[in-house]
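# Descriptive structure summary
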Amino acid sequence: MAQGHSVDEYLETIYFLAFPIGEYRPLSGGSPTLSARVAEMLGVSRASAGEMLKRLEREGLIERGEHKEALLTATGRKRAEKVVRKHRVIERLLTDFMGYTPAEAHVQADLLGDTFTDDMVERIEEKLGHPDRCPHGWPVDPDVEQAENQELAPLSDLAAGTRATIVRLAEHDGELLHWFYDQDLIPGRELVVRETQPAAGQVAVRLNGQERAIGEKAAAGLFVRPG
């Protein structure tokens, strides 16, 4: 994303951090603050992220929880969900009609998000036949996404011997997203966790009849359905 991010881009980022792990909660012991996580995902300074979070709080789009974490208010969540849905519809337009690869579509959808009006998005979705999911496996309808969250887990959380199907790919890291596609780690692929190797920071899996090692960061960005 370019510098000078909009309120909608910040709300979208906070939404991505809140789901699929549930409402944002700080991790224990020296974990990054929400400001730091938002700053990292948007490529801005922590100071810039902090100022925007204060603005979002003043405008009633986020509120502070019992541990000072930022939570989307009902108004903020509704607006964030609208932005997320638009992004996923645009991704499908780019892949289905314009020939972009799924990884390319994510980047282009970020750039085009403010270009399309709500009416345009509704018409695009209708022309697409109301697709259920974006190219990376995320439901277009946020309500469906949040209900489905209960069925999914990051690959990094699974025990050895577990069979699973890849359902969604983490999107916020463009290089990682390209890597998923290069490695054929895409929605619908079935795999078996052969071994977890915390010391080495990786998970060994069997995919398409081949053994391979997946780094911890990548494994945390593969959301799978066990069983």
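These remarks concern the structure in this document. Note that the coordinates shown come from a computational prediction; the quantities given were computed from them, not determined experimentally. (Residues numbered from 1 in each chain as written. Predicted model: local features only at pLDDT ≥ 70, side-chain atom pairs only at ≥ 80, totals over all residues. Heavy atoms only, no water.)

### A few points about the overall build of the chain
A tally of helices and strands in the chain yields nine helices and eight strands. For a compact globule of 227 residues, the expected C-alpha radius of gyration is about 17 Å, and the chain comes in at 18 Å, within 12% of that figure. Projected onto its principal axes, the C-alpha coordinates of the chain cover approximately 50 × 50 × 30 Å. Burial statistics for the chain: of 227 residues in total, 46% are counted as buried. Once local pairs closer than 6 in sequence are excluded, the contacts in the chain between residues at least 24 apart make up 62%. If you sum the accessible surface of the chain, you get close to 11,800 Å²; carbon and sulfur atoms cover 49% of it. The positive charge centre, built from 27 side chains, and the negative charge centre, built from 38, are 2 Å apart in the chain. (Helix = DSSP H or I, 4+ residues; strand = E, 2+ residues; numbered from the N terminus. Rg over C-alpha atoms; globule rule 2.2 N^0.38 Å. Buried < 20%, exposed > 50% of the residue type's maximum accessible area, 1.4 Å probe, protein only. Contact = heavy atoms within 4.5 Å. Areas by Shrake-Rupley, 256 points an atom, 1.4 Å probe, with all protein chains shown as cover. Lys, Arg positive; Asp, Glu negative; His and termini not counted. Charge placed at Lys NZ, Arg CZ, Asp CG, Glu CD.)

### Notes on the sheet that holds strand β4 (residues 163-169)
The six strands lie next to each other as β3-β8-β4-β5-β6-β7, forming an open sheet whose pairing is antiparallel. Looking at which strands have only one partner, the edges of the open sheet turn out to be β3 (153-154) and β7 (210-215). (Pairing = 2+ DSSP bridges.)

### Let's talk about unusual backbone geometry
Glycine aside, residues mostly have negative phi angles, and peptide bonds mostly take the trans form. Positive phi outside glycine occurs at histidine 130, with the angle close to 50°. Structurally, the position occupied by histidine 130 is in the loop between α6 (118-127) and α7 (142-148). Given the relative accessible area of 49%, histidine 130 is considered partly exposed. Look at asparagine 208: it is not a glycine, yet its phi comes out positive at around 55°.

### With respect to the pairing of strand β5 (residues 190-197)
Pairing geometry for β4 and β5, over three bridges, is antiparallel. Each residue of the ladder has a partner; that of arginine 163, found in β5, is valine 192. Between the end of β5 and the start of strand β6 (residues 202-207), which pair antiparallel, lie four residues, with glycine 201 showing a positive phi angle near 65°.

Note that every value here comes from positions in space, so none of it alone points to a role or purpose.
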